[in-house]
Amino acid sequence: MIGEKEPGGISAAGLEVSGLTKHYGAHAAIQQIGFRLERGALLTLLGPSGCGKTTLLRAIGGFVAADAGRILVEGQDIGALPPERRPTATVFQGYALFPHMSVAANVAYGLKMQRIPRAEIAGRVRDALAAVQLSAMAERMPSQLSGGQQQRVALARCLVVRPRILLLDEPFSALDRNLREEMQVELRKLQQRLGITTVVVTHDQQEAFILSDWVAVMNAGRLHQFDRPAGVYDAPATRFVASFTGMTNLLEGQAEGQEFVVPGIGRFPLPAAAPPGSLLGLRPGALRLVEPGDPAACAVGEVGFVAMTGAEALCEIACPGGALQVAVPRRPGAPVTGARVGVALAEPSQAVVLAA
Amino acid sequence: MKRNLVALPAMVVLAVLAGAYGSFFATGLLRQVPGTASVAGPLSLDNYLRFLAGGGQVPVFLDTFGFAVLLTLITALIGYPLAYFIARTESRFLRVFFLAVLVATFLSGSVTRAYGWMVILGNRGLLNSLLLNAGLIEQPFRILYRQLGVGIALVHFLLPFFVLTVVGGIRNVPRALEEASRDLGCGPARTFMRVTLPLSLPAVAEGMALSLALALSAFLFPLMLGGGRVRLVANYIYDQIFVAFDIPFAAVVSAGFLVCSCAALLVMAGLQRLLLRRFATGGLT
Amino acid sequence: MRRGPLGRALWTLYLALVMGFLLAPVLFVVFYSFNDATMFRLPVGALSLRWYRAFFDSDQFQPALRATLVIAAIVVPATLLVALPTAHLMARGKGQAWLGAALTAPVVVPGVVTGIAFLGLFGMLGVGDAMTRLTIGLSVFCLPFSLRALNASYAGLDRRPEEAARDLGATPLRAYWGVTLPQLKAGVLAGAIFAFVEATDNFSIAVFLADTRTRTLPIAAYEHVRDFDDPTVAAMATVLTLVALVFVLVLEKVIGLEKLIRHG
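Residues numbered from 1 in each chain as written. Chains lettered and ligands numbered in written order. Predicted model: local features only at pLDDT ≥ 70, side-chain atom pairs only at ≥ 80, totals over all residues. Heavy atoms only, no water.

Draft legend 1. Broad picture of the overall build of chain C. On a plain count of helices and strands, chain C comes out with 14 helices and zero strands. Along the first, second and third principal axes, the C-alpha atoms of chain C reach 70 × 65 × 30 Å. For chain C, contacts bridging at least 24 residues in sequence account for 69% of all contacts bridging at least 6. Counting 22 positive and 17 negative side-chain charges, chain C places the averaged centre of each group 9 Å from the other. (Helix = DSSP H or I, 4+ residues; strand = E, 2+ residues; numbered from the N terminus. Contact = heavy atoms within 4.5 Å. Lys, Arg positive; Asp, Glu negative; His and termini not counted. Charge placed at Lys NZ, Arg CZ, Asp CG, Glu CD.)

Encoded structure:
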């Protein structure tokens, strides 16, 4: 259920985008983007660089004038407003802190623009800095802060103006892996506590899954799938979504009864009807290795390359018609290169039929 | 509407410039009223015809362009190693020191420098006094009031412009490229010739174009150090106004000069664009 | 740079020669200005401040110095007032490259040509006052120098803080005033210095716009050198060099000379 009932009976989403299109010359940066996001939810725009996700974010923030389409915040059309009059606040990539102002002055900036009384500004700045645990840094200059601290200042600077939409452009890309994971959790908790409708741009599927209520997967200016994280993972809507989220086995073949026959590789049980031209998508984790003669084996091949990825090992199984990637738990007796093995489905429901 | 307001000051200046350069082509169509500082009609092409027919200016034009090209080449030869040193020395002190000397020279003004060279190069100046005292020469060696003296002072004038332009170009050549070249077995000299120099050529062309423009328009230096004996176009024009009192003809000669200088600079700009396309360092500006 | 002993010696020799060449005229002029004698002669005689008194008491140089300072005091702010919006337009607008090229004309066009062009324009408009002619002419001439410094500043400018300001509710003008302009401080300073130096040093344009009563320092200096042979101009040159030195220190302190080059 997206959206909620307004007292007046009008359903108004926290953020609603419809038919949004932007061309740069002949190149379409975004085409016909549309979705509805309920209040207080966090949406990530996921896609490779150049897919249009940043253009979409900047269009919502008011920095890109769309050629067509509407942007509604809580029922109000903001498409014609300049950035300073939109109820949005952006954490820019690289944070864009004002280098010539202290942390406190940075955070106070938006309130000053709203002509809020000085005494109230001081209190709100203090609260905002406390919320991001930077009270001690108020008088520092941005250049004296670490990357993580700068990011928190940028966040505080946005939250202090109490925007109705919080926008974040690749907020964690400049941080180390450990700090990144810590900040992701921190952002998610803060966002849930404040109940603020939020849109995050990222190219990292892991980040998208950790943070989001909803994920919008984009490629080449188009919205491929708007879904819950689990929906994106378990039931990718298109071939692009499948491969972008790590579904590396995309097999071409034909349905024969309840089976999908992949020439030169094997036969796999079908979870659903597969019209001609369909692909069968299998994550490496949806497969397991068995003895070559095991009746469950769908394909038989030779172990090629083996890569350790942590708790699992990723094996490439060379079949006559191509290779399959299989993730297996690492334990004694794990397959070695050159061994002949069978490949079976670990869980039949994890196979996905994709339209070509 | 708001954009127009931002553009307004620039438009006013453009209008003044257009008016100035436009009026000056028109001045050439008029005639000097003898014995006064004013010009009057009727409009005629006489001055332009006189300029095109009379061969008197041709040697002056050729001299000026030849001299400017020569000075530009000398400046580039003297200046490039200095620019390279400033760009690549590991000592911050030396880098800032040399930059400070260049910027100070540049900011100290052309009158100061022209005058400095006058008192150094004159027949009774520092250089000749030193040489005479040392017994190296019997007669003062004449440097001033000939092209040599003007040339020395002009190279000195051009050097900071050239070097400061090229330093930026060399610094923009990523160090990693030089390191990659060394890593792949190329010696320092060959790395310089095959990587650093080619990639800095666009900046060299820019510096040379700037030097050429400044050398062509040199006026004060030939005036002070040439003593009327070094005849360049700028001084020829000046004489038309302050000696011959013929403003319309001066305007015509100026127009001819302008066309020739623009042609020379267009050639340089074309060369620069060519080099830039060939040796662009890829967004590292 | 690692070099062999021969390479090292050659570099040292070259650098010493170039430095000697660059510094010779300025150093000698400073020395000459303290020389008591009218003529230069070896060995050097007594030192005195005689030529400084001559410079500051002169009927020729006094009015010229005053006129030059008045002109600079008008030209520098006028130039910046035009350069700031123009640089903004060039950095933010689309297809404004021609604007920069057109405004840079006075740098590329020989000064004598520009001088005569202004002379013609002011003749037609009937501007008889030399001060007005010099102020307008030099403002237009100095603009490209300030513009160059500001363009360089814009090139190194991160645009996102300005967008952040807009995002946080600042109007375009407030965002410019509170966020963009403070970040351009270095460019404004460099632009002001360049405009000052060009306005006070220009000869080839100013000589056509001045008259016998209103002259700038370079013109007065040229005429003095033409008619007299004494170190008064050396005293003037030393004062100007001192000013230049102050500018270098300010630039190094506020911007850093290395940065100036990177974007210059």
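Draft legend 2. Seen up close, the pairing of strand 20 (residues 340–345) of chain A. Residue and element names in this part refer to chain A. Burial of strand 20 is extensive: five of the six residues sit out of reach of the surface. Bridging between strand 16 (residues 287–290) and strand 20 involves four bridges; their strand directions are antiparallel. Directly across from Val290, in strand 20, lies its bridge partner Gly342. Inspection of the sheet shows strand 17 (residues 299–308) paired to strand 20 by four bridges, in the antiparallel sense. (Buried < 20%, exposed > 50% of the residue type's maximum accessible area, 1.4 Å probe, protein only. Pairing = 2+ DSSP bridges.)

Draft legend 3. Representation of the pairing of strand 8 (residues 197–202) of chain A. All names here are of chain A. Counting buried positions along strand 8 gives six out of six residues, so the element sits mostly inside the fold. In strand 8, alternate side chains face the same way, and those of Thr197, Val199 and Val201 on one face and Thr198, Val200 and Thr202 on the other are all buried. Sheet analysis places strand 3 (residues 42–46) next to strand 8, joined by five bridges and oriented parallel. Along strand 8, the bridge assignment pairs Leu42 with Thr198. Two elements, strand 7 (residues 165–169) and strand 8, share five bridges in a ladder whose sense is parallel. The residue of strand 8 that forms the bridge with Ile165 is Thr197. Crossover strand 7 to strand 8 through helix 5 (residues 177–194) is right-handed. (Right-handed = clockwise from strand over helix to strand, strands pointing away.)

Draft legend 4. Up close: the domain arrangement of chain A. Residue and element names in this part refer to chain A. Taken domain by domain, chain A holds domain 1 (13–241) and domain 2 (247–355). Taken over C-alpha atoms, the centre of domain 1 sits 39 Å from the centre of domain 2. Taken together, the contact pairs seven residues of domain 1 with seven residues of domain 2. For the domain 1 and domain 2 pair, buried surface summed over both sides reaches about 580 Å², with 57% attributable to carbon and sulfur atoms. On the domain 1 side of the contact with domain 2, Tyr233, Pro236 and Arg239 bury the most area, a combined 82% of that side's loss. Across the contact surface, domain 1 and domain 2 share one residue pair in polar contact (both at pLDDT 80 or more). Take the side of domain 1 that touches domain 2: its biggest share by element is three residues, from helix 7 (residues 229–234). Along the lines of polarity and charge, the residues of the side of domain 1 that touches domain 2 split into four nonpolar, one polar and two charged. (Domains from an automatic or database assignment. Buried area = accessible area lost by both parts, 1.4 Å probe. Polar contact = N/O pair within 3.5 Å; in protein donor to acceptor, adjacent residues only side chain to side chain. Nonpolar A, V, L, I, M, F, W, Y, C, P; charged D, E, K, R; others polar.)

Draft legend 5. Summary view of the packing of helix 3 (residues 58–88) of chain B against helix 1 (residues 5–33) of chain C. Between helix 3 of chain B and helix 1 of chain C, the least distance of the axes is 11 Å, while the angle of their chain directions is 110°. It follows that helix 3 of chain B is roughly perpendicular to helix 1 of chain C by the angle criterion. The two elements helix 3 of chain B and helix 1 of chain C meet at a crossing, and its hand is left-handed. Mapping the contact onto sequence places B:Ile78, B:Gly79, B:Pro81, B:Leu82, B:Tyr84 and B:Phe85 in helix 3 of chain B and C:Trp11, C:Tyr14, C:Leu15, C:Val18 and C:Leu22 in helix 1 of chain C. (Axes fitted to C-alpha atoms, helices over the stretch in contact; angles between N-to-C directions. Parallel < 35°, antiparallel > 145°, perpendicular 65-115°, else oblique. Left-handed = near helix turned anticlockwise from the far one by under 90°.)

Draft legend 6. Fine view of the sheet that holds strand 1 (residues 15–24) of chain A. Residues and elements named next belong to chain A. Taking strand neighbours across the sheet as the criterion, the four strands line up as 2-1-4-5 in an open arrangement whose pairing is antiparallel. If you trace the sheet from one side to the other, it starts and ends with strand 2 (27–37) and strand 5 (76–77), each paired once. As paired elements, strand 1 and strand 2 share seven bridges and run antiparallel to each other. Considered in strand 2, the bridge of Val17 is made with Phe35.

Draft legend 7. Local environment of the interface of chain A and chain C. Listed as interface residues are 25 residues of chain A and, on the opposing side, 18 residues of chain C. Summed over both sides, the interface of chain A with chain C buries roughly 1800 Å², with 58% coming from carbon and sulfur. Of all residues in chain A, A:Glu84, A:Tyr109 and A:Met113 bury the most surface against chain C, accounting for 32% of the area lost on that side. For the salt bridge of C:Glu163 with A:Arg58, the shortest nitrogen-to-oxygen distance reads 2.7 Å. Joining chain A to chain C, the criterion identifies five residue pairs in polar contact (both at pLDDT 80 or more). Elements that contribute at least two residues to the side of chain A that touches chain C include exactly helix 1 (53–61), strand 6 (88–91) and helix 2 (103–113) of chain A. Of the residues contributing to the side of chain A that touches chain C, the split by class is 13 nonpolar, seven polar and five charged. (Salt bridge = Lys/Arg side-chain N within 4 Å of Asp/Glu carboxyl O.)

Draft legend 8. Fine view of the interface of chain C and chain B. The interface of chain C with chain B comprises 79 residues on the first partner and 86 residues on the second. Across the chain C/chain B interface, buried area totals approximately 7200 Å², and carbon plus sulfur atoms make up 80% of it. Counting across the interface, chain C meets chain B through one salt bridge. As a salt-bridge pair, B:Arg92 and C:Glu252 come within 3.3 Å of each other at their nearest N and O atoms. Along the contact surface separating chain C from chain B lie nine residue pairs in polar contact (both at pLDDT 80 or more). Of all the elements, helix 1 of chain C adds the most residues to the side of chain C that touches chain B, at 14 residues.

Draft legend 9. Structural detail: the arrangement of the chains. Interchain contacts are distributed over two pairs of chains, and the most extensive set of them lies between chains B and C. If you take every C-alpha in chain A and every C-alpha in chain B, the smallest gap between them is 14 Å, and the two do not touch.

Draft legend 10. Spatial organisation of a nonpolar patch on the surface. On the surface, C:Phe31, C:Phe34, C:Leu47 and C:Leu49 cluster together into a nonpolar patch covering about 380 Å² of accessible area. Judged by relative accessible area, C:Leu47 falls into the exposed class, the value being 60%. (Patch = residues over 30% accessible without salt bridge, like charges linked within 9 Å, V, L, I, M, F, W, Y side chains within 5 Å. Areas by Shrake-Rupley, 256 points an atom, 1.4 Å probe, with all protein chains shown as cover.)

Draft legend 11. Focus on a positive patch on the surface. A cluster of basic residues, A:Lys112, A:Arg115, A:Arg118 and C:Arg174, forms a positive patch on the protein surface. Looking at the secondary structure, you find A:Arg115 in the loop between helix 2 and helix 3 (118–131). For A:Arg115, a relative accessible area of 68% puts it in the exposed group.

Draft legend 12. Fine view of the side chain of A:Thr202. Structurally, A:Thr202 can be placed in strand 8. At a separation of 3.1 Å, a polar atom in the side chain of A:Thr202 contacts the side chain of A:Glu207.

Draft legend 13. Seen up close, the packing of helix 2 of chain A against helix 3 of chain A. Residue and element names in this part refer to chain A. At a closest axis distance of 9 Å, the pairing of helix 2 and helix 3 adopts a crossing angle of 125°. On the basis of their axis angle, the class for helix 2 and helix 3 is oblique. Crossing of helix 2 against helix 3: the hand is right-handed. In this structure, helix 2 uses Val103, Ala104, Val107, Ala108, Leu111 and Lys112 to contact helix 3, whose residues at the interface are Ile121, Arg124, Val125, Ala128 and Leu129.

Draft legend 14. A look at empty space enclosed by the protein. Inspection of every chain in the model, using the stated rule, returns one cavity of 30 Å³ or more. The space that makes up the largest cavity amounts to roughly 40 Å³. Of the residues contributing to the lining of the largest cavity, the split by class is six nonpolar, one polar and no charged. (1 Å grid on protein atoms, 1.4 Å probe; cavity = no way out; pocket = protein on both sides within 12 Å on 5 of 7 lines; lining within 4 Å. Points joined across faces, edges and corners; volume = space filled by probe spheres on them.)

Draft legend 15. Molecular detail of unusual backbone geometry. Residue and element names in this part refer to chain A. Phi is positive for Gln133, which is not a glycine, with a value near 60°. You can see Gln133 is positioned in the loop between helix 3 and helix 4 (147–159). The exposure class assigned to Gln133 is exposed, which follows from its relative accessible area of 54%.

Draft legend 16. Examining the nonpolar core more closely. In this structure, B:Leu82, B:Leu107, B:Tyr115, B:Val163 and C:Leu251 are the most contacted members of the largest nonpolar core, which totals 173 residues. For B:Val163, the residues in contact, after removing those within four places along its chain, are B:Gly79, B:Leu82, B:Ala83, B:Ile86 and B:Leu102. Core analysis: the next-biggest nonpolar cluster, separate from the first, contains 51 residues, A:Met101, A:Ala108, A:Leu134 and A:Met183 among them. (Core = buried A, V, L, I, M, F, W, Y, C linked by side-chain atoms within 4.5 Å.)

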